[in-house]
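Summary of structural features
Spelled out, the chains give:
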Amino acid sequence: MNAAPVRIDDTFRALADSTRRAVVEALGRGPASVSDLARPFSMALPSFLQHLKLLEECGLVTTEKTGRVRTCRLMPEPLAAAEHWLEAQRSLWTRRLDQLDALLATMKDEAGEDHDPSPQKTSHKETP
């Protein structure tokens, strides 16, 4: 198996959790310290650090320690790979749904022709 699908799997696994998605959103606005990122969450710091570790392992976040402050930055490459995959899926399903729509329109037109009574079939009615 090549590395790209595994990376995408890791990215989706990381984004499957609301806490990690919130961290990614916050880092989308710019780098932040671990304490700043953890502040909005009602969880112990070690629990938050587990979320951060997973984000680092999948390549979405990188951290750098300067003195006592650990600063986190978003790495956009895994998100771009996931976006590319999602766009390919969207394109595929849009084409398939367009084809289905065209098929259903054709079937409706054909059914409409078969079910419309022709003038010959209605001429057998008696007139008073």
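Since the structure is predicted, the reported quantities are computational estimates derived from the model, not experimental observations.

Re the pairing of strand S2 (residues 61-66)
- Of the pairings in the sheet, the one linking S2 to strand S3 (residues 69-74) comprises six bridges and is antiparallel in character. The partner of Lys-65 across the bridge, within S3, is Arg-70.
- Taken together, S2 and the strand that follows it, S3, pair antiparallel across an intervening segment of two residues, in which Gly-67 is found at a positive phi of about 65 degrees.

Quick word on the nonpolar core
- Counting residues in each nonpolar core, the largest one holds 17 residues, and the members touching the most others are Leu-52, Leu-55 and Leu-60.
- Taken together, the elements giving at least two residues each to this core come down to helix H1 (3-15), helix H2 (18-28), helix H3 (34-38) and helix H4 (45-57).
- Not counting the four nearest positions on each side in its chain, Leu-60 is found in contact with Thr-11, Ala-14, Leu-15, Val-24, Leu-55, Arg-73, Leu-74, Met-75, Pro-78 and Leu-79.

Side note on the sheet that holds strand S1 (residues 32-33)
- Taken in spatial order, the three strands of this open sheet run S1-S3-S2, and their pairing is antiparallel. Either end of the sheet is taken by a strand with one partner, and the two such strands are S1 and S2.
- Sheet analysis places S1 next to S3, joined by two bridges and oriented antiparallel. Counted as the bridge partner of Ser-33 is Thr-71 from S3.
- Each of S1, S2 and S3 is contacted by H2, which is oriented at about 90 degrees to S3, the strand it contacts most.

Criteria and thresholds
- Residues numbered from 1 in each chain as written.
- Predicted model: local features only at pLDDT ≥ 70, side-chain atom pairs only at ≥ 80, totals over all residues.
- Heavy atoms only, no water.
- Pairing = 2+ DSSP bridges.
- Helix = DSSP H or I, 4+ residues; strand = E, 2+ residues; numbered from the N terminus.
- Core = buried A, V, L, I, M, F, W, Y, C linked by side-chain atoms within 4.5 Å.
- Buried < 20%, exposed > 50% of the residue type's maximum accessible area, 1.4 Å probe, protein only.
- Contact = heavy atoms within 4.5 Å.
- Axes fitted to C-alpha atoms, helices over the stretch in contact; angles between N-to-C directions.

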